[in-house]
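Coordinate inspection notes
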Amino acid sequence: MAPVTRATQGVLLTLVGAVLIRITIDDTYLRYVNTWMRWPILVCGVVLVLLSVSDLVTSSRGPHDGSDEEPDGEPGEEPHRAPRTAWLLFLPPLVIFFVSPPALGAFLAERATEAPAPSSEQLDSMLAPLPEEDPVEISVTEFFVRAVYDQGVSLPERRVSLVGFVSLDDDGHWYVTRLGINCCAADATVTRVVVTGADAPPRDQWVRVTGTWVDGSGTEKGTTPAVDAEDVETVPAPRYEYE
């Protein structure tokens, strides 16, 4: 494999920048990072493309065209070349550009760390009185918090609607599941609610579960809240899949 020349390095820089621009334009970046990172990623992509173009233009200028730039190295020396292993740097941007790995799903959820206890401010927000609508649509995280940290006080006799993807466990239970991230997919945590009264849809399928809280579930330490489903509807994945 040939060494990586300066021109090739410029092409690599352009490719990385183009990938960053593309994933922000088509919302692919939402699979990997939080929503607020759109503009920093886009700006980085544009800067990389501009830098690579500037470098290619500069390196193409001859030594006698009025430029003050000296040729690389001393006369008779080989121009600077990166090691052959630098070709491997092409692989990550090519994978993202052509394959676009999906957002995290059941495989991680069945192994990920559970979400940490919410702060007092988050508790106050999530434990506000539920709307009067029936069923009331709340997040999986809010349902979990109301059951675990408020002993289910606001949940009896209320029909709820939860949206998430399907994950499983080794005991044959299935869950409506959401992942949460603070910055990026590397710090993902999982929040799951057991679904009873309905057969499990395919793993990773997004669903809307309508039902009622299983009285007492999740109120004891180490137990998981459960919802007794009266209806399970398959739905498309949301634009932003994390909570």
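The model shown is predicted, which means the values in this text are computed figures rather than measured ones.

Within the chain, the secondary structure is distributed over six helices and six strands. The secondary structure elements of the chain, listed N-terminal to C-terminal, are α-α-α-α-α-β-α-β-β-β-β-β. Counting across all 243 residues of the chain, residues that qualify as buried make up 35%. The contacts in the chain between residues at least 6 apart in sequence include a share of 69% that link residues at least 24 apart. Carbon and sulfur atoms form 58% of the exposed surface of the chain, whose accessible area is close to 14,000 Å².

Position of Thr-28 relative to the elements: it lies in the loop between helix H1 (6-25) and helix H2 (38-60). Look past the residues within four positions of Thr-28 in its chain and what remains in contact with it is Ile-23 and Ser-100.

Strand S5 (residues 206-213) sits mainly inside the fold: six of its eight residues count as buried. Note that strand S2 (residues 159-168) and S5 share seven bridges and pair antiparallel. Among the inter-strand pairings, Arg-159 is bridged to a residue of S5, identified as Thr-212. Both S5 and strand S6 (residues 226-234) contribute to a ladder of seven bridges, which runs antiparallel. Along S6, the bridge assignment pairs Val-209 with Val-232.

So, on to the environment of Thr-212. Mapped onto the secondary structure, Thr-212 falls in strand S5. When the C-alpha positions of Thr-212 and Ser-161 are compared, they lie 8.7 Å apart, and in sequence the two are 51 residues distant. For Thr-212, the contacting residues outside a window of four places in its chain are Arg-158, Arg-159, Ala-226, Val-227 and Asp-228.

Thresholds applied
Residues numbered from 1 in each chain as written. Predicted model: local features only at pLDDT ≥ 70, side-chain atom pairs only at ≥ 80, totals over all residues. Heavy atoms only, no water. Helix = DSSP H or I, 4+ residues; strand = E, 2+ residues; numbered from the N terminus. Buried < 20%, exposed > 50% of the residue type's maximum accessible area, 1.4 Å probe, protein only. Contact = heavy atoms within 4.5 Å. Areas by Shrake-Rupley, 256 points an atom, 1.4 Å probe, with all protein chains shown as cover. Pairing = 2+ DSSP bridges.

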